[in-house]
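Commentary on secondary and tertiary structure
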Amino acid sequence: MNTLILLLGLTTMACAQFSRFTTPYPQPTQYYNPNYYNRPYYAILRQTQDSSPDGSYSYSYDTENGISVAEQGYPRNVGPNQIETVRGQYSYTAPDGTPILVTYTADENGFLASGAHLPTPPPIPKAIQRALEHNAAHPEEEEPYRRY
């Protein structure tokens, strides 16, 4: 009886091993459509990236549709704080055929972008400029306590 149970168990294990190679598994359904918006794909022509243990990095890439990106950054100590200083640029061709080039920096002063196509604020009118200069030259003295 024990021999029969042992023989039946070994036969079951052998059949299970061989059937896993012959039974086709269903293919998973693809839930994500990578071309959802029907936009063309563009190849990357050149790509570099580098990072150092000290926290500095740089990367750049060019695509076949004319996009070019380059950025470099490094950590810097300003007083008791450590900040990241970043410089970079990107360029592409606008739909109307205009070449666009943007250069930027980001540091303790914030993010500053520059480019020929970016709008600039209008100049401050002379009357307001004179008023600002007068206010800076003649600050009001504040009383510590107001007495009514």
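Presented here is an overview of the structure given in this document. For clarity, every value in this text was computed on a predicted model and none was experimentally measured.

Another point: the overall build of the protein. A count of helices and strands for the protein gives two helices and six strands. Each helix (α) and strand (β) of the protein, taken in turn from the N terminus, gives the series α-β-β-β-β-β-β-α. Buried residues in the protein amount to 10% of all 148 residues. The contacts of the protein with a sequence gap of at least 6 include a subset with a gap of at least 24, amounting to 10%. A total accessible area of about 13,500 Å² is found for the protein, and carbon and sulfur atoms account for 58% of it.

This next bit is on the sheet that holds strand S3 (residues 68–78). The strand order S1-S2-S3-S4-S5-S6 describes an open sheet built from six strands, whose pairing is antiparallel. A strand with exactly one partner marks an edge of an open sheet, and here the two such strands are strand S1 (44–51) and strand S6 (110–114). Across the sheet, the axes of successive neighbouring strands diverge by a mean angle of 10°, strand direction being ignored. In terms of strand pairing, S1 meets strand S2 (residues 57–63) through seven bridges, oriented antiparallel. Bridge assignment links Gln49 to a residue of S2, and that residue is Tyr59.

The next point concerns the side chain of Ser56. Inspection of the secondary structure assignment puts Ser56 in the loop between S1 and S2. Engagement of the side chain of Ser56 in a polar contact is seen with the side chain of Asp54, the distance being 2.9 Å.

The rules behind each value
Residues numbered from 1 in each chain as written. Predicted model: local features only at pLDDT ≥ 70, side-chain atom pairs only at ≥ 80, totals over all residues. Heavy atoms only, no water. Helix = DSSP H or I, 4+ residues; strand = E, 2+ residues; numbered from the N terminus. Buried < 20%, exposed > 50% of the residue type's maximum accessible area, 1.4 Å probe, protein only. Contact = heavy atoms within 4.5 Å. Areas by Shrake-Rupley, 256 points an atom, 1.4 Å probe, with all protein chains shown as cover. Pairing = 2+ DSSP bridges. Axes fitted to C-alpha atoms, helices over the stretch in contact; angles between N-to-C directions. Polar contact = N/O pair within 3.5 Å; in protein donor to acceptor, adjacent residues only side chain to side chain.

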